[in-house]
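Chain residues, written in single-letter form:
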Amino acid sequence: MRFLPALLLAAPAWAAHSGVAKPRTSPELSDIALFVMAALGVWLVRRAMRARFAKRQKAETLKAKTLKD
């Protein structure tokens, strides 16, 4: 169930290709959409990891202060 939002967000990228070969003059809209989705995914994961690390550091600091007192 967790992968459903990601699947729905990626659906427009799959629908953008027509399947007809033509000369490539610039990136397709689907290429741009995939890049944006990848960048967003990296940003979300980094944000979550930073929050997780900050929470762990805060807990360790409080624990050290409690043991010290």
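Reading the values: the criteria
- Per-chain numbering applies: the sequence of each chain, read as written, is numbered from 1 onward.
- At least 70 in pLDDT is required for a residue's local features to be given in this predicted model, at least 80 for side-chain atom pairs to be given and counted, and no such filter applies to totals for whole chains, interfaces and linings, which use all residues.
- To get the side-chain values, take all heavy atoms of the structure and skip hydrogens and water.
- Helix numbering and strand numbering both begin at the N terminus, where a helix is a DSSP run of H or I of at least 4 residues and a strand a DSSP run of E of at least 2.
- Think of it in three bands: with a 1.4 Å probe and only protein chains considered, a residue is buried below 20% of the maximum accessible area for its type, exposed above 50%, and partly exposed in between.
- Here the Shrake-Rupley method, with its probe set to 1.4 Å, supplies the accessible areas, and only the displayed protein chains count as covering residues.
- For this document, the term salt bridge refers to a Lys or Arg side-chain nitrogen within 4 Å of an Asp or Glu carboxyl oxygen.
- Put simply, a patch holds well-exposed residues, over 30% relative accessible area, that have no salt bridge, with like charges counted together within 9 Å and Val, Leu, Ile, Met, Phe, Trp or Tyr side chains within 5 Å.

S.K.: Teacher, can you tell me more about the overall build of the protein here?
M.R.: For the protein, the count of helices and strands is two helices and zero strands. Residues classed as buried in the protein amount to 3% of the 69 residues present. In the structure as shown, the protein presents an accessible area of about 6,700 Å², 68% of it carried by carbon and sulfur atoms.

S.K.: Just to check I follow, could you spell out the pattern of salt bridges for this structure?
M.R.: Inspection of the entire model under this criterion finds one salt bridge. When the shortest N-O distance is used, the salt bridge between Arg-24 and Asp-31 registers 2.9 Å. Accessibility expressed as a relative area gives 26% for Asp-31, which makes it partly exposed.

S.K.: Would you mind showing me how to read a nonpolar patch on the surface here?
M.R.: The grouping of Leu-29, Ile-32, Phe-35 and Val-36 at the surface amounts to a nonpolar patch, some 450 Å² of accessible area in total. Mapping Val-36 onto the fold places it in helix α2 (residues 29-68). Among the residues examined, Val-36 registers a relative accessible area of 46% and is labelled partly exposed.

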